[in-house]
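Each chain is listed here by its residues.
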Amino acid sequence: LCLSVKPGVRASVQRVNENKNMHPLLLSALIQIESHGNDLARGKHGELGALQIKPIMVRDVNRLMGAHYAHAQVTNRATATFIANAYLSHYGRNLSDESLARIWQGGPKAIKRSSSRAYGRRVMRELEKRTVKDSLIVATSNKLQTFPTK
């Protein structure tokens, strides 16, 4: 896959790929809340895909990244994930996962609105479930891999 980007955008792409402040399972939690994992989900207000991305977000990310995504492409999980990472990396620098979830639901100014708190808490509960489940899987796989030596 070769994506042509404007000069000077390469650093932005690298920042998206190195978004260290975001929990690795946050997008997974957002996907569960938004669509229960349905890549072909359609929302009431034009949202598409597993992350329920609106056309305005695609335009915003295209502007920020110098990319040329079409809104219809967000039904592809990899494309949707890239757009989500780009959006949250740009608008959510050094913010908590709950604040990132609130931005995802209500845009860059959502953390100033109390109406986004419930959504943020809901995503955090889902993230906690996924973190515990992930920890159990790792613990179980580590246990299965240990063999007694003779």
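If you're wondering where the values come from, they're calculated on a predicted model, not measured in any experiment.

Undergrad: Explain the pattern of salt bridges to me, using residue names and the numbers behind them.
TA: Taken as a whole, this structure holds 4 salt bridges when the rule is applied. Taking the shortest distance from any N to any O, the salt bridge between Arg130 and Glu126 comes out at 3.0 Å. Here the residue Arg130 and the residue Glu126 both occupy positions in helix 6 (residues 117-145), the gap between them amounting to 4 residues, near one helical turn. Note on Arg130: relative accessible area 23%, which makes it partly exposed. Overall, the relative accessible area of 12% leaves Glu126 in the buried class.

Undergrad: Run through helix 2 (residues 26-35), naming residues and quoting values.
TA: Helix 2 sits mainly inside the fold: 7 of its 10 residues count as buried. Listed as buried for helix 2 are Leu26, Leu27, Ala29, Leu30, Ile31, Ile33 and Ser35. Remark: His36 follows helix 2 within two positions and exhibits a positive phi of approximately 60 degrees.

Undergrad: Talk me through the packing of helix 2 against helix 4 (residues 77-91); I want residue IDs and the actual numbers.
TA: Between helix 2 and helix 4, the shortest axis-to-axis distance is 11 Å and the interhelical angle comes to 115 degrees. Considering the angle they form, helix 2 stands roughly perpendicular to helix 4. The element helix 2 and its partner helix 4 pack so that their crossing is right-handed. Here helix 2 contributes Leu27, Leu30 and Ile31 to the contact with helix 4, which in turn contributes Arg77, Thr81, Ala84, Asn85 and Leu88. Classifying every residue of the contact of helix 2 with helix 4 gives 5 nonpolar, 2 polar and 1 charged.

Undergrad: Tell me about the packing of helix 3 (residues 55-65) against helix 4, and name the residues and values.
TA: A pair of packed helices is captured by two measures, namely the crossing angle of their axes and the spacing between those axes. Between helix 3 and helix 4, the least distance of the axes is 10 Å, while the angle of their chain directions is 70 degrees. One way to sum up the angle between helix 3 and helix 4 is to call them roughly perpendicular. Considering how the two elements wind past one another, helix 3 and helix 4 form a crossing that is left-handed. On helix 4, the residues touching Met57, Val58, Asp60, Val61, Arg63, Leu64 and Met65 of helix 3 are Phe82, Ile83, Ala86, Tyr87, His90 and Tyr91. The residue makeup of the contact of helix 3 with helix 4, split by class, is 10 nonpolar, 1 polar and 2 charged.

Undergrad: How would you explain helix 4 if you had to name every residue and give the values?
TA: One full turn of an α-helix is made of 3.6 residues, so residues set three or four places apart face in the same direction. Across its 15 residues, helix 4 extends 21 Å between first and last C-alpha, which sits within 8% of the 21 Å expected from 1.5 Å per residue. Taken residue by residue, helix 4 has Thr79, Ala80, Phe82, Ile83, Ala84, Asn85, Ala86, Tyr87, Leu88 and Ser89 as its buried positions. Where helix 4 begins, the side chain of Asn76 points an oxygen toward the backbone nitrogen of Ala78, at a separation of 2.9 Å.

Undergrad: Which residues make up the packing of aromatic side chains, and what are the values?
TA: Tallying each qualifying case throughout the model produces 3 aromatic pairs. Between the aromatic rings of Tyr69 and Phe82, the centroid separation amounts to 6.0 Å while the plane-to-plane angle is 45 degrees, which identifies the pairing as tilted. Residue Tyr69 is found in the loop between helix 3 and helix 4, and its partner Phe82 is found in helix 4; the two are separated by 13 residues along the sequence. With respect to class, Tyr69 is no different from Phe82; both count as buried. Ring plane angle 85 degrees and centroid distance 6.1 Å describe the contact between Tyr87 and Trp104, whose orientation is recorded as edge-to-face. Taken together, the residues span a long stretch of sequence, with Tyr87 in helix 4 and Trp104 in helix 5 (residues 97-106) at a distance of 17 residues.

Reading the values: rules and limits
Residues numbered from 1 in each chain as written. Predicted model: local features only at pLDDT ≥ 70, side-chain atom pairs only at ≥ 80, totals over all residues. Heavy atoms only, no water. Salt bridge = Lys/Arg side-chain N within 4 Å of Asp/Glu carboxyl O. Helix = DSSP H or I, 4+ residues; strand = E, 2+ residues; numbered from the N terminus. Buried < 20%, exposed > 50% of the residue type's maximum accessible area, 1.4 Å probe, protein only. Axes fitted to C-alpha atoms, helices over the stretch in contact; angles between N-to-C directions. Parallel < 35°, antiparallel > 145°, perpendicular 65-115°, else oblique. Left-handed = near helix turned anticlockwise from the far one by under 90°. Contact = heavy atoms within 4.5 Å. Nonpolar A, V, L, I, M, F, W, Y, C, P; charged D, E, K, R; others polar. Expected span 1.5 Å × (residues − 1). Polar contact = N/O pair within 3.5 Å; in protein donor to acceptor, adjacent residues only side chain to side chain. Phe/Tyr/Trp six-rings, centres within 6.5 Å; stacked < 30°, edge-to-face > 60°.

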